[in-house]
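What follows is the residue order along each chain.
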Amino acid sequence: EPEVTQTPSHQVTQMGQEVILRCVPISNHLYFYWYRQILGQKVEFLVSFYNNEISEKSEIFDDQFSVERPDGSNFTLKIRSTKLEDSAMYFCASGNTGELFFGEGSRLTVL
Amino acid sequence: EDQVTQSPEALRLQEGESSSLNCSYTVSGLRGLFWYRQDPGKGPEFLFTLYSAGEEKEKERLKATLTKKESFLHITAPKPEDSATYLCAVHSGGYQKVTFGTGTKLQVIP
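Notes on the structure follow. (Residues numbered from 1 in each chain as written. Chains lettered and ligands numbered in written order. Predicted model: local features only at pLDDT ≥ 70, side-chain atom pairs only at ≥ 80, totals over all residues. Heavy atoms only, no water.)

**With respect to the sheet that holds strand 8 (residues 75-79) of chain A**
All names here are of chain A. The 4 strands are arranged 1-3-8-7 in an open sheet whose pairing can be described as antiparallel. The open sheet terminates on both sides in strands that have one partner only, identified here as strand 1 (5-7) and strand 7 (65-68). Looking at each pair of strands side by side, their axes are set apart by 20° on average, direction ignored. In this structure, strand 3 (residues 19-24) lies alongside strand 8, joined through 5 bridges in antiparallel fashion. Note that in strand 8 the partner of Leu21 across the bridge is Leu77. (Pairing = 2+ DSSP bridges. Helix = DSSP H or I, 4+ residues; strand = E, 2+ residues; numbered from the N terminus. Axes fitted to C-alpha atoms, helices over the stretch in contact; angles between N-to-C directions.)

See the structure below:
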């Protein structure tokens, strides 16, 4: 059964450093997403990506964040100059019709 | 702005004790309402999509229903392996994003 895969599963970084989280969406899906979940809180929308461009983004997704689909399979989230409050679980998701299929997540810890 | 409210926040059931979880929503043009299951430290796992009032979907011990203002996830004779957080989410017209509620944490005791 096809699935969304994410790497790394856990990343620890120092405040101010840049991190890149990677995702391989399900191959026939057209829409790609990043969500985050701070421990104990709700799953929050960050950004959606369609046809090689951002289709929608939330207020959280400011200039610190960027997304890229560098080739036909990978979808990345870059966080520049990380802050303590960026510590969270980051989920990649993909879909075609509104139903989203999520990866297992990348846990980011900023020290 | 889409709003999704789930209740209760937490629910503890004895094995075999049926119950329902509630999801109330306010959206501008519902395109789909989704139920997900999330286990600790894992990504949400898709369960159901409901598109219009009156629609029902079933999977094993779970049944999801939809009205114009809310959705229910009915759990019949739950087992300990049904313990998880159940998330409700909505997809509304004109937007790509799916908005999640805060979830109901279900614990089923043997």
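**Some thoughts on the nonpolar core**
All names here are of chain B. Within the largest apolar cluster, 22 residues are counted, with the highest numbers of intra-cluster contacts made by Leu33, Trp35, Leu73 and Tyr86. Per element, the largest residue contribution to this core is 4 residues, and it comes from strand 9 (residues 84-92). Not counting residues up to four positions away in its chain, the partners in contact with Tyr86 are Gln6, Leu21, Trp35, Tyr36, Arg37, Leu47, Leu62, Leu73, Gly103, Thr104 and Leu106. (Core = buried A, V, L, I, M, F, W, Y, C linked by side-chain atoms within 4.5 Å. Buried < 20%, exposed > 50% of the residue type's maximum accessible area, 1.4 Å probe, protein only. Contact = heavy atoms within 4.5 Å.)

**Details of the pattern of salt bridges**
For the structure shown, the criterion picks out 7 salt bridges over all chains. Among the ionic pairs, Arg36(A) bridges to Glu44(A), the shortest N-O distance being 3.2 Å. We classify Arg36(A) as buried; its relative accessible area is 11%. Put simply, Asp82(B) and Arg61(B) hold a salt bridge, and the shortest N to O gap is 2.8 Å. Taken together, the residues span a long stretch of sequence, with Asp82(B) in the loop between strand 8 (70-75) and strand 9 and Arg61(B) in the loop between strand 6 (56-59) and strand 7 (62-66) at a distance of 21 residues. On the basis of relative accessible area, Asp82(B) is assigned to the buried category, the value being 6%. By relative accessible area, which is 21% here, Arg61(B) ends up partly exposed. (Salt bridge = Lys/Arg side-chain N within 4 Å of Asp/Glu carboxyl O.)

**Details of the side chain of Thr82(A)**
Residues and elements named next belong to chain A. Considering the arrangement of structural elements, one finds Thr82 in the loop between strand 8 and strand 9 (88-95). What makes Thr82 buried here is its relative accessible area of 1%. Look past the residues within four positions of Thr82 in its chain and what remains in contact with it is Thr13, Gln14, Met15, Gly16, Gln17, Val19, Gln64 and Val110.

**Considerations on the sheet that holds strand 3 (residues 19-26) of chain B**
Residues and elements named next belong to chain B. In space, the 5 strands of this open sheet follow the order 1-3-8-7-6, with antiparallel pairing throughout. Edge positions in the sheet fall to strand 1 (3-7) and strand 6, since each has one partner strand and no second. Each adjacent strand pair in this sheet contributes to an overall mean axis angle of 15°, direction not counted. Sheet topology places strand 6 next to strand 7; 4 bridges connect them, and they run antiparallel. Considered in strand 7, the bridge of Lys57 is made with Ala64.

**Quick word on the interface of chain B and chain A**
Contacts between the two partners involve 19 residues from chain B, matched on the other side by 20 residues from chain A. Counting every contact that joins chain B to chain A gives 1 salt bridge. Among the secondary structure elements, those contributing two or more residues to the side of chain B that touches chain A are strand 4 (30-38), strand 5 (45-50), strand 9 and strand 10 (98-100) of chain B. It is strand 4 of chain B that provides the largest number of residues to the side of chain B that touches chain A, a total of 3 residues. A breakdown of the residues in the side of chain B that touches chain A according to their chemical character gives 9 nonpolar, 8 polar and 2 charged. (Nonpolar A, V, L, I, M, F, W, Y, C, P; charged D, E, K, R; others polar.)

**Some points on the pairing of strand 11 (residues 104-109) of chain B**
All names here are of chain B. Only one face of strand 11 is buried: it carries Thr104, Leu106 and Val108, and the other face, with Lys105, Gln107 and Ile109, is open. Pairing of strand 2 (residues 10-14) with strand 11, which is carried by 5 bridges, proceeds in the parallel orientation. Considered in strand 11, the bridge of Leu13 is made with Val108. In this sheet, strand 11 lies alongside strand 9 in antiparallel orientation, the contact comprising 3 bridges. By the bridge assignment, Tyr86 is partnered in strand 11 with Thr104.

**Things to note about the layout of surface pockets**
Counted as a void, the largest pocket has a volume near 560 Å³. Taken together, 23 residues make up the lining of the largest pocket; nearest its centre are Gln37(A), Gly40(A), Gln41(A), Gln38(B) and Thr85(B). Contributing elements (two or more residues each) for the lining of the largest pocket: strand 9 of chain A together with strand 9 and strand 11 of chain B. Element by element, the count of residues in the lining of the largest pocket is highest for strand 9 of chain B, at 3 residues. Broken down by class, the residue content of the lining of the largest pocket amounts to 8 nonpolar, 9 polar and 6 charged. As a volume, the second largest pocket reaches approximately 460 Å³. (1 Å grid on protein atoms, 1.4 Å probe; cavity = no way out; pocket = protein on both sides within 12 Å on 5 of 7 lines; lining within 4 Å. Points joined across faces, edges and corners; volume = space filled by probe spheres on them.)

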